[in-house]
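# Summary of structural features
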Amino acid sequence: MRQKAMDALPGSSWTPFEINPNLPPETADIVIVGGGVVGWSIAYWLKQKEKLSKGMRVLVVERDPTYSQASTVLSAGGIRQQFSLLENIHLSLASADFMRNINEHLSVVNEDPVDLQFNQSGYLFLASEEVAHIMEQNYNTQRMSGAKVSLLSQHQLKEKFPWINTEGVVLASYGLENEGWFDPWTLLNAFRRKAISLGVIQCFGEVTSGSLTLCLIVCVSQVQMPNSMEYQPVECAIVVNAAGAFSGRLAETLGIGLGPKDSLAGIPVPVEPRKRYVYVVHCPDGPGLDTPFLIDYSGVYFRREGLGGNYICGISPEEAEEPDTSNLDVDHQFFEDKVWPKLANRVPAFEKLKVTSAWAGFYDYNTFDQNGIIGLHPLINNMYFATGFSGHGLQHSPAVGRAVAELILDGEFQTLDLKGFSFRRILAQEPMLERNIV
Amino acid sequence: MSAPLLSFHRCCQRSALLLVARRRWSSSSAAPGSLLSRCLLFLAKRYYDVEMLLNWRAKVGRDRLQRKNLYYGYTRKFYGPEIASAYYILSLGGGFRFVGQSEWFRANSRGKFSWEFLNYKDSLVEEVDMSHTVINYTGLSNLERQQHLRTLKLQGCPEVDDWFLAGLHMFQDSLEELDISHCTQITAGGLAALRNLRGLKRLNVSYLPKISSPGLVIILLEEMLPHCQITAEGYDLSLRQAVEETS
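First things first, this report covers the structure right here in the doc. Just so we're clear, the structure is a prediction, and the values are computed from it rather than from any experiment.

A tally of regular secondary structure across chain B gives nine helices and seven strands. Across the 247 residues in chain B, those meeting the buried criterion constitute 44%. Across chain B, contacts joining residues at least 24 apart in sequence account for 69% of those joining residues at least 6 apart. Within the structure as shown, chain B displays about 14,300 Å² of accessible surface, and the carbon and sulfur contribution to it stands at 55%.

Here it is in C-alpha cells:
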C-alpha cells in the first residue's frame, strides 16, 4: 500500500501510460511530407527566412529512418548548368553558389564544417550530327545566363581527351566551372543538422491521409508510426509535398485526381517512380583525374568515382522498357545488353572492365514533361508541391527550397522566377520540355 | 627596420591573418581549444545570448573578408581593368610585375604602397604574388581579363579552396606557373579543376593537409598535365609496412 502511494505521488518515474517519445506534435504550422534533400532544404529556408525566432513550428515527416529507398542517397550526385530551359540553368547556378558558400549558410556552432567532397570536374555532352544544332542553341542560352560552358569541335575534343573515340561526335559541350559531383548524404545531413538547430522538428512516420474540408483545405494529416499501428493526427496550416518518387501516391491518398475526368478535381499529380540502375565498374586503364561526367548522345553516361580507377555508369532505358518499380533489385543483364556496348564504343579502354557493384534508385519522374512542379495546387488552397524533378532534384534542392520558402512566406517568388514550373502548365496541357540531345 | 624584427613583424601579420580567416569551432581539431574557447562553447550550449554573440562575431569576420574581396567596379570603369586589378592586389597585400619590367610593385609591411603603378596605364600584369593574403573566389573576379598572366603564387592563402581553383579557368591560355602550397582548404576534387590549365609548366602542390592519399594524387596530376613539372614536398610517401599475420 505504501509502495503504491509512493509510486503514484509526483516525483517518481512510474506512469500508467507508455508515452511514445517519437510521436509528432499534435499541432504544427507547416508539415513537410518527405525527408529527402528537397524537404529538408525547404525546412531550412523556412526557418532561415522567418522573421521571429521560433515564430512557426515546422515538422518534417519522413517515412523511412534508414533512407533505404530515398532517391537522394541513391543519386549519382552530379550538378550541371547545361540545360535548355532558363529556369533550370538559374536553379543550378543558384544551387552551385549555395554550395560554394555552404559553410556560411549551414555551419552550426561547435560542429564540424560541412565538406561536400565536391569534385570540380565538369560535364561533357557529346552531340552527333543530327542534334548539334540543339546543342549550339542550348550553349547560347547557357552563356547568356552566366553559365561557364565551352564548345569543342571533334578535333579539340580528341586533343583534350585522347581516350575518347570521337567517331560520330560533331560537337561537344564542356562545363568549365560550377559543375561536377558531390556527396548527397553530406548535403542532406548538413541541411538536417542546421534545420534542427534552428528548431525544425523531425518525425519518422508515414502520412496516410489528410482530411479535406468543404473548401478543400488539408487541415489534419494522419501520421502513421513505422512498424506499428499507432498514429497521430497532426493539425496543420500548410502541407508541403516533397515526397519525391512517392508524391503521386501521396496525392492520390488525399483524393487528388479522383474526381470526374474532365474537371480540375480529375487531374492527378503526374509524378511516378521510375527505376534507374547505376553500375560501379573498375577499369585500371581508364581515364584519369580529369575525367568529366560524360554523357553521350546515345544516352549512356559515366563518371569517375574516387581515385582508384572506379567509375559509375548507367543509361536511361527506353520508354517501352521501363523496369518494374515494386522493388530496387538490379538487373545485371541490362548492363551487358545496353550499357557496356555503348560505353566501350565511346571509350575503348572500357572494353576491359569489371562490374564491382550496382544499385538502383527511383527518379521522381514527371510523366508530363520531366521538369519539376513547384507551387500551390489549384484546388487545395494550402498544399504546396516541390516534386517531379525527374533526376535533377538533388542539384536544384538549395534553390528550390529557397523558392518554396519565398512562396509560402512572401506569397510570390523573390529571387528566381519559377512561375513556369507551377501547376498551371499541367491544367493547360502546355508541357515545358527540356530540349536535350539525349 | 632590422631584418629579424621585420621578419617577426611579418610573421605576426601572417598568423593574425590565419586566426581571422580559419574556421573556428571545429570539434575535430587536432589540439583541444584553449580554456577560453571551451568556456565559450560551454556557455553557447546553454545560453542563446552567447550563441547569438558568437554567430554575430563569425558573421562580422566573414563580412570583413567579403569587403576586402569586393569587386572593384568603380576603379574598373574609370581606370580600366589592369589598374583595377593592380589596385586590388596591392590593397590585399600582394605584389605584381608588369610585362616588360623587372621590378615588383608591393605593399610594405604596414599595407602602404606607392601609386606609381598608375603611370603604367596600358601595361599588362604578368606575374602576381598573392601569398598569405585573404584572396577568395569573389576576389578572383577582380583579376579577370588579365590575359597575359603567366605566374600566380598563392602560397599559404587560407581562403583558397576548390571553387577558387575551378575559377582559375579564365587563365587557361596564359598561365604557366601556379603555386598553391600550404593552402589548407584544397582537396583532390579541386586539383581535378586544374585540368583546364593546359599551358601550365610548373605547379607546386606541397604541404596540402587535406589530400588524403598524396602519392596517388601526384601521380594522377602528372598524368593529367603531362607537360607540367610538379613540385610536391612535405608528404610522407614512404610505403607503410604490411602488418605481419601470425599463423
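Moving on from the model shown.
Residue and element names in this part refer to chain B. Judged by pairing direction, the sheet is mixed, and its seven strands sit side by side in the order S2-S1-S3-S4-S5-S6-S7 without closing on themselves. What marks the edges here is a single partner per strand, and that holds for strand S2 (105–106) and strand S7 (229–231). Summarising the sheet, strand S4 (residues 151–153) and strand S5 (residues 177–179) pair through three bridges and their orientation is parallel. From the neighbouring strand, Lys153 faces S5, where its bridge partner is Asp179. Taken strand by strand, helix H5 (residues 81–92) contacts strand S1 (95–98), S2 and strand S3 (125–129), and its axis lies near 150° from that of S1.

What follows covers the pairing of strand S13 (residues 271–282) of chain A. All names here are of chain A. Counting buried residues in S13 gives nine out of twelve residues, a clear majority hidden from the surface. Note: S13 against strand S17 (residues 354–366), twelve bridges, orientation antiparallel. Considered in S17, the bridge of His282 is made with Lys354. Direction of pairing for S13 relative to strand S16 (residues 310–315): antiparallel, over a ladder of four bridges. Paired with Tyr279 across the strands is Cys313, a residue of S16.

Residues and elements named next belong to chain A. Here the structure, examined in full by the defined rule, presents three cavities of 30 Å³ or more. Computed from the structure, the largest cavity encloses a volume of approximately 110 Å³. Looking at the largest cavity, it is lined by eleven residues, and the ones nearest its centre are Gln82, Phe125, Met135, Asn138 and Gln142. Ranked by the residues each element gives to the lining of the largest cavity, the list is headed by helix H5 (residues 132–145), at four residues. Its residues placed into classes, the lining of the largest cavity shows four nonpolar, five polar and two charged.

You'll often see interface size given as the accessible area lost when the parts meet. Taken together, the contacts link 27 residues of chain A with 34 residues of chain B. Together chain A and chain B conceal approximately 2,800 Å² of surface at their shared face, both sides included; 57% is due to carbon and sulfur atoms. The three residues of chain A that bury the most area against chain B are Gln120, Leu289 and Leu307 of chain A, which together make up 25% of that side's buried surface. Remark: the boundary between chain A and chain B carries one salt bridge. Of the charged contacts in the structure, one is a salt bridge between Arg198 of chain B and Asp290 of chain A, with a shortest N-O distance of 3.3 Å. Summed over the shared surface of chain A and chain B, the number is eight residue pairs in polar contact (both at pLDDT 80 or more). Of all the secondary structure elements, the ones that give two or more residues to the side of chain A that touches chain B are helix H3 (86–100), helix H4 (102–106) and strand S6 (171–175) of chain A. Its residues assigned to classes, the side of chain A that touches chain B shows nine nonpolar, eight polar and ten charged.

Relative to the assigned elements, Pro226 of chain B resides in the loop between helix H9 (214–224) and S7. On the accessibility criterion, Pro226 of chain B (56% relative accessible area) is exposed.

All names here are of chain A. Of note, Asn382 is situated in the loop between strand S18 (373–376) and strand S19 (383–387). For Asn382, a relative accessible area of 6% corresponds to the buried category. Here Ala237 takes part through its backbone oxygen, which lies 2.6 Å from a polar atom of the side chain of Asn382.

Turning our attention to the packing of helix H2 (residues 35–46) of chain B against helix H3 (residues 48–68) of chain B. All names here are of chain B. It is at 5 Å that the axes of H2 and H3 come closest, and there the two elements cross at 120°. What the angle tells us is that H2 and H3 run oblique. Crossing of H2 over H3 shows left-handed handedness. Contacts between H2 and H3 pair Leu40, Leu43, Ala44 and Arg46 from the former with Tyr48, Val50, Glu51, Leu54 and Arg57 from the latter. Residue composition of the contact of H2 with H3, grouped by class: six nonpolar, no polar and three charged.

Let's shift gears to the pattern of salt bridges. Residue and element names in this part refer to chain A. Applying the stated rule across the entire model yields 23 salt bridges over all chains. For Glu111, the salt bridge goes to Arg193, with nearest N and O atoms at 4.0 Å. Taken together, the residues span a long stretch of sequence, with Glu111 in the loop between H4 and strand S4 (123–127) and Arg193 in helix H7 (residues 184–197) at a distance of 82 residues. Overall, the relative accessible area of 36% leaves Glu111 in the partly exposed class. On the accessibility criterion, Arg193 (25% relative accessible area) is partly exposed.

Definitions and cut-offs
Residues numbered from 1 in each chain as written. Chains lettered and ligands numbered in written order. Predicted model: local features only at pLDDT ≥ 70, side-chain atom pairs only at ≥ 80, totals over all residues. Heavy atoms only, no water. Helix = DSSP H or I, 4+ residues; strand = E, 2+ residues; numbered from the N terminus. Buried < 20%, exposed > 50% of the residue type's maximum accessible area, 1.4 Å probe, protein only. Contact = heavy atoms within 4.5 Å. Areas by Shrake-Rupley, 256 points an atom, 1.4 Å probe, with all protein chains shown as cover. Pairing = 2+ DSSP bridges. Axes fitted to C-alpha atoms, helices over the stretch in contact; angles between N-to-C directions. 1 Å grid on protein atoms, 1.4 Å probe; cavity = no way out; pocket = protein on both sides within 12 Å on 5 of 7 lines; lining within 4 Å. Points joined across faces, edges and corners; volume = space filled by probe spheres on them. Nonpolar A, V, L, I, M, F, W, Y, C, P; charged D, E, K, R; others polar. Buried area = accessible area lost by both parts, 1.4 Å probe. Salt bridge = Lys/Arg side-chain N within 4 Å of Asp/Glu carboxyl O. Polar contact = N/O pair within 3.5 Å; in protein donor to acceptor, adjacent residues only side chain to side chain. Parallel < 35°, antiparallel > 145°, perpendicular 65-115°, else oblique. Left-handed = near helix turned anticlockwise from the far one by under 90°.

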